[in-house]
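Summary of the model geometry
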Amino acid sequence: MAAAGAVPACSCGGDDGPADPDGGVSTAHCTYEPVQPNANAGTPVTPGTLEAGAAEVVIDVPVGTGMGGYTGRANFLGSFDPVDNRIIAIANEWQPSVGIETRSMVKAVALKVGVETVVWLKVDAIFAYEDWVFDLERRLGPAYRGKVLISTSHSHSSFSQFTGHTPLKLGSGEFREVIHARFTDAFEAAARAAIADLQPARIGFFSDIDFDPNDQISRERRRENDELPGGNRKDDQFRLIRVDTTGGQPIAIIPIFGMHPTLNDQDNPVATTESVGHLERQVEERFAREVVVMHVQGAGADVSSVGHGGVDCNVKPGASSDPCFGWLKAEGHGRAAVDTIMAAWTSAGSAMTDQLALAMVTQSVELGPYHDTYSVRGGELTYAPFDLERPADGRIWTNPSARTGLISPIDEYNAPVGAALCETDTALFPVAAMPGTDGLPVYGSCVRIDEAGAILSQLLGLTLDDVSSTGPACGMTRTTVSVLRLGDYLVPTMPGELSVLLADRIREESPVDLPHTIPIGYSQGHIGYCMTAEDWLHGGYESSVTFGGPLEAELVAERVIALMPEVMSATRVDGAAGGADRTVIAVPMDSLPHDDPAPQAGTVPATVSADLWMRSGPPAQAQPAATVPRVTGLATFVWHGDDPLTKTPVVTLQRETSAGSGTYEDVRRGSGRTVQDGDFILTYAPSPLIRESGPQTHVWAVEWQPVPWTGAAMGLDALDRRGALQLGKYRFHVVGDGWTLDSNAFDVVAGTLTVAASRSGNSVTVASNWHAPKGFRLLDMQLPSNVPVPLRTQSVTITAYATGDVMVGTPQTLTTDAQGRVTHDFGGAAATITRVDVRDGFNNTGSSSL
């Protein structure tokens, strides 16, 4: 059978296949355990009084850990530009991270109605690991079985090395015990804090089915499927869930739409929450209290986030070139999105309720390795028995020119233990190709994971020892799905990169209408890209990051679709009862070198180590300069700290409470949060860079560009007020493992504008700009921030002088145009002007000769 109706079956060797239909493949080497029944099964689902709580916790992952998302970070491939030759044991053959731009977070929202309590977490990570769900259920207790939902940001610059899923290590590095523990401990802390925060609450929803039509926030990134019905578009569905106290105070905001957080590429060595994190922070700072904002991915497979601003990578100030990172674009993304999110939040408040029917089911789904598991669309599409002695017949479509009508059973996908890199017509490792597929579109480049794994494990330094010709990677044999009911709304989950077309199918088969169906991706586990079979067979990068061929994602989606009406029933069901057991993968026991205590921790070095890499180059001294100008300056501080395996230092910016008092307090954002990241960059280097016989010194540094921090009071963080930072004395405060350290105080002083004056007849035109070639903060939504950026539509005062500093006329206060220019008619005296001084509304000054 095929999607277009009955067609001849494939030619599969002229017989009924081998006695063993899948060539002796087995899962005997894997460990499984039963999934415990979902809590509260058999109890009635009726609207009841809602309670809600929320929390956020920093995940203290050691700097040096690899970051997920780009296989190009593997040392063997060498397609990145490392900052130095450091070797960090925890990263092994993966490119180590060297610092933090924004800290990885876990955010939690707890919802309770009657006997049912659900905990929904959003983690800054490349993907979800199935073990997280069951580990957190175990930690929280039997009442939470089947009631834990873990979603991820999919940032390609967040810490990884937390998964035991063997093929996924190719995009995330070696599995590490310490990383696994840091993540799961943070999950428990956030979940428990959200549960402890439970209080009477109200909930509201917003739905937009034509989201961001002008692509200011997100854009389509997959063109290979444009000819498919519905394929020529991005995820145009936007939902928002608003949770308040019954008194109207916001508790949590959950915006849901798809986008890839990939504004930074594989050369970025600094951990960042990317576009998702900056969007969340911009929304957070619209409130005068701490509100948990957790963006959740919808159909993000086809969609990229849109950045705004950035840096000009061709600008090379000074003797050495500066790295080119996308952090500014991520901040610009957040600024571009915040008004849309806030409008949706306001709309969601128009019909809030404190009564809610709450239910959730969770199920483990069996995947490979057996061909007969993969039967979708009521048996219309299946795989032929796996047989490596049988070449493919090469017949894929009933109408090859139109690429319509899939022929089934599918004999081209012939990989008993799974295949990956299915994208083009030629295999990267021909020895690992599926038989008879060379030259076939998409199938031709597939490599069987057992053969490719043996090669890649040596090249990439990864442990891929649970894969063989007769046994699949154990993590590939199961995945996890859930459906959450929130009154008349359903939130079905997909364990991977949900595509628009597969999301469409889930919505179409939902028991509730389109606005009330909210499919989400990157949740509960990860199987790679989740596409329809036809979409998969249109190729492209997305098809290459799958392991079960064109039918796997639809198989999983159909299990989700089957759960949706069950969770809408009047009685809670046990999702586990209709599912499979789950995979248990042992956590490796690490033996990593660890300097505890670290030499000289909590001290300031007399000189700055040559091993220290900083984005702006090594500073001349460890302490900050005595004075640092607004916008164009950089305040830096270097110290010896803990081994990252012990603790990541917590750095806060402090300001003198009153002039000359010598008393400092933490600078706080409008939400009340302390300024700890995002506004400055934390970097780290061991010294020496390569461990020798003894302990290493652990050198840490921070740099801050003096502009108003995100969420600064009185609207000072608006881009037209970049020069409005409060003057005065500041310092850095560092908290280590049992010690604290303060930098020397430094004065933030008025900045210097770059000014250019020109004369035309009796008129003088003056252009004023900020020029911060070493800066890393966003100054403009269009222009690169490291080139001259105009003071747009701002009040400036110009004063003209003739030879001998004789003032010409009187100072003129004018408003600049979009190019930062003002023009004034000085009459006949214009010919005498030799210099023009400029002062902006915040007392920053500049001058130009004429």
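For the structure, see preceding data.
Residues numbered from 1 in each chain as written. Predicted model: local features only at pLDDT ≥ 70, side-chain atom pairs only at ≥ 80, totals over all residues. Heavy atoms only, no water.

So, about the overall build of the protein chain. A count of helices and strands for the protein chain gives nine helices and 44 strands. Its C-alpha atoms give the protein chain a radius of gyration of 29 Å, within 12% of the compact-globule value 29 Å for 850 residues. Relative to its 850 residues, the protein chain shows a buried fraction of 60%. Here the analysis covers contacts within the protein chain between residues at least 6 apart in sequence; of these, 76% occur between residues at least 24 apart. (Helix = DSSP H or I, 4+ residues; strand = E, 2+ residues; numbered from the N terminus. Rg over C-alpha atoms; globule rule 2.2 N^0.38 Å. Buried < 20%, exposed > 50% of the residue type's maximum accessible area, 1.4 Å probe, protein only. Contact = heavy atoms within 4.5 Å.)

For the rest of this paragraph, the subject is the pattern of salt bridges. Within the structure shown, the criterion is met by 55 salt bridges. Note that E280 is salt-bridged to K122, the shortest N-O span being 2.5 Å. One end of the pair, E280, is in helix α3 (residues 274–284); the other, K122, is in strand β6 (residues 116–123), with 158 residues separating them in the sequence. Taken individually, E280 and K122 each receive the classification buried, so the pair is uniform in this respect. Among the ionic contacts, a cluster of salt bridges with common partners joins E56, K107, K122, E280, E284 and R673. (Salt bridge = Lys/Arg side-chain N within 4 Å of Asp/Glu carboxyl O.)

Turning to the sheet that holds strand β12 (residues 270–271), a few remarks are in order. Taken together, the five strands give an open sheet; going across it, the order is β12-β4-β32-β33-β29, and neighbouring strands pair in mixed fashion. The open sheet is flanked by β12 and β29 (635–640), the only strands paired with a single partner. Strand direction decides the pairing type here: strand β4 (residues 99–100) and strand β32 (residues 680–687), joined by two bridges, are antiparallel. Paired with I100 across the strands is L682, a residue of β32. (Pairing = 2+ DSSP bridges.)

Right, let's talk about the state of the cysteines for a bit. Within this structure, the stated rule accounts for two disulfides. In this model, C30 is linked to C474 through a disulfide, with the two sulfur atoms separated by 2.1 Å. Taking the torsion about the sulfur-sulfur bond, which here is approximately -90°, the covalent link between C30 and C474 counts as left-handed. With a gap of 444 residues between them, C30 in the segment before β1 (32–33) and C474 in the loop between α5 (449–460) and β23 (478–486) connect regions that are remote in the sequence. Neither C30 nor C474 differs from the other in exposure class; each is buried. Note that C422 is cross-linked by a disulfide to C446, the S-S spacing being 2.0 Å. Across the disulfide from C422 to C446, rotation about the S-S bond amounts to roughly 125°, and the bridge is consequently right-handed. With C422 in the loop between β21 (419–420) and β22 (447–448) and C446 in the loop between β21 and β22, this residue pair connects regions lying 24 residues apart in the sequence. The exposure class assigned to C422 is buried, which follows from its relative accessible area of 0%. C530 forms no disulfide, and the closest cysteine sulfur to it belongs to C422, at a distance of 15 Å. (Disulfide = S-S within 2.5 Å.)

In this section: the layout of surface pockets. The computed volume of the largest pocket comes to approximately 800 Å³. T71, L170, L421, S544 and V545 are the residues nearest the centre of the largest pocket, which is lined by 40 residues in total. The greatest single-element share of the lining of the largest pocket, amounting to six residues, is contributed by α5. Across the lining of the largest pocket, the residue classes break down as 25 nonpolar, 13 polar and two charged. (1 Å grid on protein atoms, 1.4 Å probe; cavity = no way out; pocket = protein on both sides within 12 Å on 5 of 7 lines; lining within 4 Å. Points joined across faces, edges and corners; volume = space filled by probe spheres on them. Nonpolar A, V, L, I, M, F, W, Y, C, P; charged D, E, K, R; others polar.)

In this section: the packing of aromatic side chains. For the coordinates displayed, the defined rule picks out 29 aromatic pairs. Where F238 meets F257, the ring centres are 5.7 Å apart and the plane angle is 85°; that geometry is what we call edge-to-face. Taken together, the positions of F238 in strand β10 (residues 238–245) and F257 in the loop between β11 (250–256) and β12 put the pair 19 residues apart, joining distant regions of the chain. Taking the relative accessible area as the measure of exposure, F257 reaches 0% and is therefore buried. Within the aromatic cluster, the residues linked to one another by ring pairs are F637, W639, F680, W704, Y730, F732 and F746. For R242, the ring lying beneath its charged end belongs to W345, and the centroid distance is 3.6 Å. (Phe/Tyr/Trp six-rings, centres within 6.5 Å; stacked < 30°, edge-to-face > 60°. Lys NZ or Arg CZ within 6 Å of the ring centre and 35° of its normal.)

Within the element layout of this structure, T152 appears in strand β7 (residues 148–152). In this structure T152 comes out as buried when scored by relative accessible area, which is 0%. In this structure the side chain of T152 is engaged in a polar contact, spanning 2.9 Å, whose partner is the backbone oxygen of Y522. In contact with T152, other than residues within four places in its own chain, are K122, V123, A125, I126, F127, A128, W132, Q297 and Y522. (Polar contact = N/O pair within 3.5 Å; in protein donor to acceptor, adjacent residues only side chain to side chain.)

This part covers the environment of P597. Relative to the elements of secondary structure, P597 occurs in the loop between β27 (582–583) and β28 (627–629). Along the sequence, P597 and E509 sit 88 residues apart, while their C-alpha atoms lie 58 Å from each other.

Attention shifts here to empty space enclosed by the protein. In this approach, a probe sized like a water molecule rolls over the atoms, and the result shows the empty space that is left. Evaluated as defined, the whole model comprises 10 cavities of 30 Å³ or more. Approximately 120 Å³ is the volume attributed to the second largest cavity. What lines the second largest cavity is a set of 13 residues, and nearest its centre among them are E130, D131, R478, R582 and T583. Listing elements by their share of the lining of the second largest cavity, those giving two or more residues are α1 (130–140), β23 and β27. In terms of residue class, the lining of the second largest cavity is made up of four nonpolar, five polar and four charged.

Spatial strand order, β16-β23-β24: three strands in an open sheet with antiparallel pairing. For this open sheet the edge positions go to β16 (358–366) and β24 (489–492), each flanked by a neighbour on one side alone. Strand-to-strand, the axes of this sheet are offset by a mean angle of 15°, without reference to chain direction. Bridge count between β16 and β23: nine bridges; the pairing is antiparallel. Paired with E366 across the two strands is R478, which belongs to β23. (Axes fitted to C-alpha atoms, helices over the stretch in contact; angles between N-to-C directions.)

Quick look at the pairing of strand β43 (residues 833–840) now. In this sheet, β43 lies alongside strand β40 (residues 795–802) in antiparallel orientation, the contact comprising seven bridges. Looking at β43, one finds that I798 is bridged to V838. Pairing of β43 with strand β44 (residues 845–849) involves five bridges; the strand directions are antiparallel. Its bridge partner lying in β44, D837 is registered against S847. Counted along the chain from β43 to the antiparallel partner β44, the turn is four residues long, and its residue N843 has a positive phi close to 70°.

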